[in-house]
Each structure stands twice: as structure tokens, then as C-alpha cells.
Amino acid sequence: MTEVAMCASQVALRIRPLSDAEQEESGTIVAHRVDDQMVVLMDPMEDPDDILRANRSREKTYMFDVAFDYSASQEEVYRATTKGLIEGLISGYNATVFAYGPTGCGKTYTMLGTDKEPGIYVRTLNDLFRAIEETSDDMLYSVSMSYLEIYNEMIRDLLNPSSGFLDLREDSKGVIQVAGITEVSTINAQEIMELLMKGNKQRTQEPTAANQTSSRSHAVLQVAVKQQSRCRDVLQEVRFARLFMIDLAGSERAAQTQNRGQRLKEGAHINRSLLALGNCINALSDKNGNKYVNYRDSKLTRLLKDSLGGNSRTVMIAHISPASVAFEESRNTLTYADRAKSIRTRVKKNLINVSYHIAQYTNIISDLRCEIQRLKKKIADQASRQVNSDRADIRHVQGNYRIPAHCCLEG
Ligand SMILES: Nc1ncnc2c1ncn2[C@@H]1O[C@H](COP(=O)(O)OP(=O)(O)OP(=O)(O)O)[C@@H](O)[C@H]1O
């Protein structure tokens, strides 16, 4: 059974604060957030006194689904971009969130964040587990997580880096899978965060001229959720969905980062996959919808095939610096993000109906008996907690109550 709906990708734009280095260079600010959705970029090279170009506007305006500047908190960015995907996820809708932008513009800050200001990964997982907890009396969930990086067109398992390079395979339903990836099953947010932090230490990072801790790879966190009713029935509905959260490598130009040798080679691979991503976005956003979309040009686009043009709600968070020195990069990023707004995906609930054979009825009956026992125990525990708390209240009242002296009768 399928419920299909057309869904526009959501594109958000985040302008980070001026960095110390940009402030030292006394860089002026050329990117401004005008309101919730509008961003203006001013060309610092155009001379307002140039009479030949007096009629040309120095400003270009861009509209997004939501725009943030230096004043936006991590919680605000999370709420406006990702929080809304969670309900869909536990109902069987796939979702993807990816951070795009030049190096040092805040992608890792938005996705991973810091201990004090956690990013989208932690907030999403906390809310997902809370939503699961709230419905766990009726529903049975299984959640698994994997974390990988694509570095120089090779896939590495960040939860088990010693496993070597992994391959992409398409399963019988056309869904791309990473063969041999570690999948951790848990619904404990703390446990997942520890794994994520450990995995992140394995991520390929190097200082470049543009960012001291530049991520040189695309990092992909995948969370798979399976849901079914606790009440096993002869005909049962099972829902599946997966959420991709992706921190892309920086879309920098080699000239700006002064890259040489290995860094230059990395840059070429990064640019190749981001170019492939850009080509897919261009083809998908074609108004007539008749351009060929080539996902096969890079591992990144193969992995994101469903997220971009298939069955997924997709959110892109583009990042820019506000500084005049970053004008070219900002303009490219804004153009890239602007194009991504026209992408439409066809989302459908991932449901399968499992009908059990008569031979399995005894199992179903035994499961239902276990469920009755579990619920009986839960009711008994709640009742005993209530009795204990009533007793404690009575003791408290008795302790506070003193019999007035004049009420004492002498014998
Ligand atoms: N919104 C923000 N508020 C405060 N600090 C920020 C913000 N965005 C980024 N920063 C800081 O800017 C620096 C660079 O950010 P970050 O590492 O997230 O960039 P990046 O886009 O992931 O870069 P790369 O592609 O090189 O990995 C970090 O020190 C980060 O803490």
C-alpha cells in the first residue's frame, strides 16, 4: 500500500558571524538577512561612483524558505529546518538534511555543533527518541544507525574504520545500500552521541588556509526506523523510513585555500562530487522536467539518489560567510541553493503489510500473552507507586500536625 505526494525540497540559508580572521582583515559585511526569508548580497567590487554602471544594482536579492544570520541559535535553526521531519519519519517517510557551503562557513557547526551548542544530529536524535518513548505503549520500534564518510571517492565506516573501503549496492527494490556497513541498534540518545563523537574523531580533517579544522570528506549519518504495532495481528502493517543527515565537505576553490599536493587532490575529488551534485540539482530543477539526471558520476550522488530525486523529504541548509572577501564563494553558494529550491520529490509512505500464515498463529498468541503480562505488570507497578506516594503524603500530613494543648484531656 502506498500514499504518494509531491513534495518541494526546503532550502534554508545560514549566514555565520564574521570570524576573527575576517575581522582582523577589517572585512566589511556584504551578506545581510533582510527578513525571515530574504537575503541580500552586495558586490564589493562595484564602484557606486562609476557613472557608466550607475543603473546597475550592486545588490542581488535571494529568497529562501528560511534565512538565518549570526543571531540565530542552534535551536532556532533545528526547529525551522529539521524538527518537522521527525513525525514523518516515524510514520514511514524518508528524509534527508544536508549542509552545503564553502569551507569554514559553519556546516559542521550546524550539523554536529559543540558540547554547549549541540547541532542538528543531537537535537534530532533526542526528539526522535522522545517521540518513540511517547508512543511505545502501542508501538514497537527498532532503530539502527550507521555513520560513514566519503573521502576521495572512497567510503569508510566511521564506526569501524578498520573495515577498509566499502561498496555501494542497489537492492532488489532499487534502494542504494552500503555493503558491510556497521549498523548499531539502539534507542538510547546518549549511546548514539558517544558513538557519533567517536566516529567523528575518525573523520578526515586537516587544517587549510580557510579553516583550521576543515572536514575533507562528506560525512553521512543514517538513521533507520522500523515501526509496527505491539498488538500482533493476522495482518500487520510495518513502516520503514530512513533519515540521512549529511555534512558535506567544503565547496572551496583551490586558489583560496592555497592547497597543494594531497590537499589539492582532495579538493579535486570534493569538487568532482559537488559538481556531480550540482549537475543533478540542475537536471532535477529543470522546469520541463526532461533533463537526464546522472547520479552515477560520484558516490555521493549515488548514495543520495533517493534523497534528491526520489522518495524523500529533503532539506538543504546552505552556509555562507558575511565577509566581503568571501563574496565570490557566497554568490556561487546562493546561486546553487537558489536552484535547489525547484527540486520536487515524490514521497511515499514505506509500508508493507505482513500477513501471517496459520502456522504462525501460536507465535502471535504467545506474543499477545507476553504483551498482556507486560501491561498487567505496568498497571501493578503504577498502582504500587501510587499507594506508596499516598502513604508518604499521609505521613507528611501527620508529621506536620500537632494536637493543640487545649485539646488534651486529663485522665
Ligand atoms: N553560526 C555560528 N556561530 C558561531 N560560530 C560559528 C558559526 N558557524 C561557524 N562557526 C565557527 O566557524 C568555524 C568554522 O565552522 P565549521 O568548521 O563548522 O565550518 P565548515 O563549513 O564545516 O568547514 P569545512 O568545510 O572546512 O569543514 C568554527 O570555529 C565554528 O565554530
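In what follows, the structure referred to is the one given above.
Presented here is a report on the structure given in the accompanying data block. A quick note: this is a predicted structure, and the numbers were derived from the prediction, not measured. (Residues numbered from 1 in each chain as written. Predicted model: local features only at pLDDT ≥ 70, side-chain atom pairs only at ≥ 80, totals over all residues. Heavy atoms only, no water.)

### Focus on the sheet that holds strand β5 (residues 59-63)
What counts here: Strand pairing is assigned whenever DSSP detects at least two bridges linking the two strands. Strands are runs of DSSP state E lasting at least 2 residues, helices are runs of H or I lasting at least 4, and numbering of each runs from the N terminus. Orientation is described by axes fitted as lines to C-alpha atoms, over the contacting stretch for helices, and by angles from 0 to 180 degrees between their N-to-C directions. Pairs of residues are marked as contacts when any of their non-hydrogen atoms sit within 4.5 Å.
Strand order in the open sheet made by the three strands is β3-β4-β5, with antiparallel pairing throughout. The open sheet has two free edges, formed respectively by β3 (31-33) and β5, since each of these has just one partner strand. On average, adjacent strands in this sheet sit at an angle of 20° to one another, irrespective of strand direction. Sheet topology places strand β4 (residues 38-42) next to β5; five bridges connect them, and they run antiparallel. Across the sheet, the residue bridging to L41 is K60, located in β5. Sitting on the sheet, helix α11 (residues 327-340) touches β4 and β5, and the angle it makes with β4 is about 145°.

### Looking at the packing of helix α2 (residues 74-81) against helix α5 (residues 120-134)
The description of two helices packed together rests on the angle between their axes and the distance between the axes. Formally: Angles below 35 degrees are treated as roughly parallel, those above 145 as roughly antiparallel, those between 65 and 115 as roughly perpendicular, and all remaining angles as oblique. A clockwise turn of the near helix away from the far one marks a right-handed crossing, whereas an anticlockwise turn of less than a right angle marks a left-handed crossing. Any residue that is not Ala, Val, Leu, Ile, Met, Phe, Trp, Tyr, Cys, Pro, Asp, Glu, Lys or Arg is counted as polar, Gly included; the first ten are nonpolar and the last four charged.
The contact between α2 and α5 brings their axes to 10 Å, and the two run at 60°. Classed by the angle they form, the pair α2 and α5 counts as oblique. Viewed along their axes, α2 and α5 form a crossing whose handedness is right-handed. Side by side, α2 and α5 meet where Q74, E75, Y78 and T81 of the first sit next to I120, R123, T124 and D127 of the second. A per-class count over the contact of α2 with α5 returns two nonpolar, three polar and three charged.

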